[in-house]
Amino acid sequence: MFRLSQFESKLLEWIENNKRAIYPSMFADIVREWIKAGLQDLSVSRQRNRLQWGIQVPNDPSQTIYVWLDALVNYLTVSGYPDKLVSWPATHIIGKDILKFHAIYWPAFLMAAGMEPPASIVCHSHWTRDGSKMSKSIGNVVDPNECVKKLTCDGFRFCLLREDLLHSDGDYKEEKIAAILNAELADTFGNLLSRVTARSLNPDQTFPEFHTDLFPIHPDGSCRSRATKEDYELLEKLEHLPELVDKYYQDFKPYKSIEAIMSCLRLTNAFIQQHEPWTLVKNPTDENRAWLDTVIHVAMDSLRICSLLLQPIIPIFCDRLLTRLGVLQTERTNKHLKMLRTQLGNQHSLRKLGTKDNVMFKKIKI
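Not measured: the values here are computed from a predicted model. (Residues numbered from 1 in each chain as written. Predicted model: local features only at pLDDT ≥ 70, side-chain atom pairs only at ≥ 80, totals over all residues. Heavy atoms only, no water.)

Chemist: Requested: an account of the overall build of the protein, with residues and values cited.
Modeler: Assigned secondary structure in the protein consists of 12 helices and 11 strands. In summary, the protein has a C-alpha radius of gyration of 27 Å against a globular reference of 21 Å for 366 residues, an excess of more than 25%. Across the 366 residues that make up the protein, the buried fraction comes to 45%. Contacts in the protein between residues far apart in sequence, at least 24 positions, make up 71% of those at least 6 positions apart. Summed over its atoms, the accessible surface of the protein is roughly 19,300 Å², and 52% of this surface lies on carbon and sulfur atoms. Across the protein, the 46 positively charged side chains and the 44 negatively charged ones have centroids separated by 3 Å. (Helix = DSSP H or I, 4+ residues; strand = E, 2+ residues; numbered from the N terminus. Rg over C-alpha atoms; globule rule 2.2 N^0.38 Å. Buried < 20%, exposed > 50% of the residue type's maximum accessible area, 1.4 Å probe, protein only. Contact = heavy atoms within 4.5 Å. Areas by Shrake-Rupley, 256 points an atom, 1.4 Å probe, with all protein chains shown as cover. Lys, Arg positive; Asp, Glu negative; His and termini not counted. Charge placed at Lys NZ, Arg CZ, Asp CG, Glu CD.)

Chemist: Mind laying out the pairing of strand 5 (residues 91–95), listing which residues take part and the relevant values?
Modeler: Remember that side chains alternate between the two faces of the sheet whenever the strand is regular. Where strand 5 lies against strand 6 (residues 120–124), five bridges are found, and the strand directions are parallel. Of the residues in strand 6, the one forming a bridge with Ile-94 is Cys-123. With helix 4 (residues 99–112) bridging strand 5 and its parallel neighbour strand 6, the resulting β-α-β unit is right-handed. (Pairing = 2+ DSSP bridges. Right-handed = clockwise from strand over helix to strand, strands pointing away.)

Chemist: Tell me about the sheet that holds strand 4 (residues 60–65), and name the residues and values.
Modeler: As a general point, the strands of a sheet are linked pairwise by backbone hydrogen bonds and lie either parallel or antiparallel. The three strands are arranged 2-4-3 in an open sheet whose pairing can be described as antiparallel. Among the strands making up the open sheet, the edge pair consists of strand 2 (45–47) and strand 3 (56–57). Bridge analysis of strand 2 against strand 4 gives three bridges, and the strand direction is antiparallel. Counterpart to Gln-47 in the pairing with strand 4 is Gln-63.

Chemist: Account for the pattern of salt bridges, naming residues and giving values.
Modeler: Taken as a whole, this structure holds 19 salt bridges when the rule is applied. Note that Lys-363 and Asp-187 form a salt bridge whose closest N and O atoms lie 3.2 Å from each other. With a gap of 176 residues between them, Lys-363 in the segment after strand 11 (351–352) and Asp-187 in helix 7 (residues 174–197) connect regions that are remote in the sequence. The partly exposed category is assigned to Asp-187, whose relative accessible area is 26%. (Salt bridge = Lys/Arg side-chain N within 4 Å of Asp/Glu carboxyl O.)

Chemist: Go over the packing of helix 8 (residues 229–250) against helix 9 (residues 254–275) with me, naming the residues and quoting the values.
Modeler: Following both chains from N to C, one finds helix 8 and helix 9 inclined at 165°, their axes separated by 9 Å at the closest point. Regarding the angle of helix 8 to helix 9, the classification is roughly antiparallel. For the pair helix 8 and helix 9, the crossing hand works out as left-handed. Contacts between helix 8 and helix 9 involve Glu-230, Asp-231, Leu-234, Lys-237, Leu-238, Leu-241, Leu-244, Val-245, Tyr-248 and Tyr-249 from the first element and Pro-254, Lys-256, Ser-257, Ala-260, Ile-261, Cys-264, Leu-267, Thr-268, Phe-271, Gln-274 and His-275 from the second. By residue class, the composition of the contact of helix 8 with helix 9 is 13 nonpolar, four polar and four charged. (Axes fitted to C-alpha atoms, helices over the stretch in contact; angles between N-to-C directions. Parallel < 35°, antiparallel > 145°, perpendicular 65-115°, else oblique. Left-handed = near helix turned anticlockwise from the far one by under 90°. Nonpolar A, V, L, I, M, F, W, Y, C, P; charged D, E, K, R; others polar.)

Chemist: How would you summarise the packing of aromatic side chains if you had to cite specific residues and measurements?
Modeler: Evaluated as defined, the whole model comprises 12 aromatic pairs. Between Phe-2 and Phe-109, the aromatic rings sit 4.9 Å apart at their centres with planes inclined by 85°, giving edge-to-face as the arrangement. Linking Phe-2 in the segment before helix 1 (8–17) with Phe-109 in helix 4, this pair joins segments that are 107 residues apart in sequence. Judged by its relative accessible area of 9%, Phe-109 is buried. Relative to Phe-317, the ring of Phe-189 has its centre 5.1 Å away and its plane inclined at 70°; by these criteria the two rings are edge-to-face. Of the two residues, Phe-189 is situated in helix 7 and Phe-317 in helix 12 (residues 315–324); the sequence distance between them amounts to 128 residues. Each member of the pair, Phe-189 as well as Phe-317, carries the same accessibility label: buried. Through a chain of ring-to-ring contacts, three or more aromatic side chains come together here, namely Phe-2, Phe-7, Trp-68, Phe-101, Tyr-105 and Phe-109. Across from the ring centre of Trp-34, 5.1 Å away, lies the NZ or CZ of Lys-100, which sits over that ring. (Phe/Tyr/Trp six-rings, centres within 6.5 Å; stacked < 30°, edge-to-face > 60°. Lys NZ or Arg CZ within 6 Å of the ring centre and 35° of its normal.)

Here is the structure:
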C-alpha cells in the first residue's frame, strides 16, 4: 500500500510554489480541489488473475504491479535512471483524461523516493469531430493517415496547432480546416511569394536591395522618403515578432504564434497592395526602380522572418519557401531573425533566388 494520503500537504506546496507545476492554471485548480477533498491510499498491486499481462510482484506470483506505477517509472528510465539523470526534472505533456495519474500519483511517488517532482505538467484538452466526441462505435474517429493524404503532413500539423487550445476541446471540421489552409498557406503566404518573385516585377530573380534614402531607418521627414506611417508600423511589428512568437511557444500557445505571424503577413500583403509595384515597373525611372526594389525587399524579408519562425510547425513548407528566397541552410536559426535592413553589408542583397516553383501549397478541395 502506498500512503498517498501522507503527501497532500507536499503536493499542495509543490503546486503553490511553482506556477507552472500544472499548466494551464485551470487544471492546477482541478488538482488542488482533488487534493483538498482528501486522497486515499493507493494499492500498488492487483490480483494476478485479474491482470495477467503486467509485471509480477517479486516473490508473490499472485500479484501484478499496478500498471500506472510501472508506466510512470519509465519516465525515469528514459532519463537515465538509475545512473545520472538527463533532462530531469522533466516537462510532461499529457491529455486531461490522465491528469490525476500524472499530477498526483507521479509527483507523490517521486517525493517518496526522495526525488524532484516534474518541472511542469502541461495538460491539453481533446478533439471532438463536428461537435461530437470521437468514438469507434459511432464511427467518427479522424484517421490521421487519411488527413495527411488530403492535407499534406505540414497542412495537418498546421491545422492541429492552429486550432488546438490547451484549456478547451478543439472541434475537427474538414470544411473549416480546408478553409483555414487555403486562406493562410495557399493565399496569404502563396500570393505574397508569387508577387515578389514574379518575373514581371523581379526579372533578375534576386533578393533586391533596401534603399534607406527612400525608406529611412527611422521616420525623419526626409523629402525623398516614400514610406508611410503604416510602413513603419509593419517594420515595427516584424522587429518585435520573434520575441512575441518565442513567448507564445514557451507558453505552449502555438496558435497565438501562428496568429501573430499571419497578422504580419497580411500586413505585408497590404503593404504590397498599397505601393502597387506593378505600377512602378511601368514607369521605370531611377527612383521608381529603387523604390520597387525596396518594396520587394521588405516583403521578401517579411516572408523570410515568418518562415523561420514557422519552421517548428510546418518544416517542409518553410524549407521550400526559404530555398525559393535563396536563404541558405546555415541562415535559418534564431540568430538570423533580425531584419536585413538593419544589418550593414548584409549578404542577401542581390543574391539569386532559388529555382523551385512558387506553388508552396495547393488548395484543398473537400
